[in-house]
Amino acid sequence: MTTIATWTEVLDVMKIDGEIGDEAELTSYEVYGADNRTRKLKGSRNAGNVSIGVALLAGDPGQDAMRTAALADSPVAFKCALADGRTVMFPALCMAAKRSFSDDVVMLTFPLELTDDVTEVAAA
């Protein structure tokens, strides 16, 4: 279970895209003979990925922490507060801190690759 004692909120989140949660890879092999069936097994699990886009906000401690995570080679603990009061927590590698430009808004995108399953905590 992932637990996070303290966390830093990331301000000005514009979008979150992706899917998180374990999914098993399919492993299969062909068998010839009596039943001529393909044997299917569950292989390794992938916890998914998500991309977080924020409007660049100079001096925001949360965005600074995300940039630091992008430089780290190890997973970092993340916590997302959902609108209904639940939270999801997960370890992930922050793969980059990419800037994109649109009109007058500079957006930072942080692609996250989850390294373990998601822990969900019910609303208090």
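In this report, we go over the structure that sits alongside the text. All values derive from a computational prediction rather than experimental measurement.

How each quantity is defined
- Residues numbered from 1 in each chain as written.
- Predicted model: local features only at pLDDT ≥ 70, side-chain atom pairs only at ≥ 80, totals over all residues.
- Heavy atoms only, no water.
- Helix = DSSP H or I, 4+ residues; strand = E, 2+ residues; numbered from the N terminus.
- Buried < 20%, exposed > 50% of the residue type's maximum accessible area, 1.4 Å probe, protein only.
- Salt bridge = Lys/Arg side-chain N within 4 Å of Asp/Glu carboxyl O.
- Pairing = 2+ DSSP bridges.

Our next topic: unusual backbone geometry. Phi is positive for Asp12, close to 60 degrees, though the residue is something other than glycine. Assignment of secondary structure puts Asp12 in the segment before β1 (13-30). The phi dihedral of Asn36 is positive, around 45 degrees, even though this residue is not glycine. Looking at Asn36, the relative accessible area reads 54%, which means it is exposed.

Attention now goes to the environment of Lys42. With respect to the helices and strands, the residue Lys42 is situated in strand β2 (residues 38-55). The exposed category is assigned to Lys42, whose relative accessible area is 67%. Distance from Lys42 to Glu23, taken between C-alpha atoms, is 9.4 Å for residues 19 residues apart in sequence.

A few words on the pattern of salt bridges. Here the structure, examined in full by the defined rule, presents 5 salt bridges. Two residues, Arg67 and Asp64, come together in a salt bridge whose shortest N-O distance is 2.7 Å. Of the two residues, Arg67 and Asp64 are both situated in helix α1 (residues 61-71); the distance of 3 residues between them amounts to about one turn of the helix.

Note: β2 against strand β6 (residues 105-114), 7 bridges, orientation antiparallel. Bridge pairing in β6 places Ser51 opposite Pro111. Note: strand β4 (residues 87-94) against β6, 3 bridges, orientation antiparallel. The partner of Cys94 across the bridge, within β6, is Leu112. Relative to β6, strand β5 (residues 98-102) is paired through 5 bridges, and the arrangement is antiparallel. Across the sheet, Phe101 pairs through a bridge with Val106, a residue of β6.

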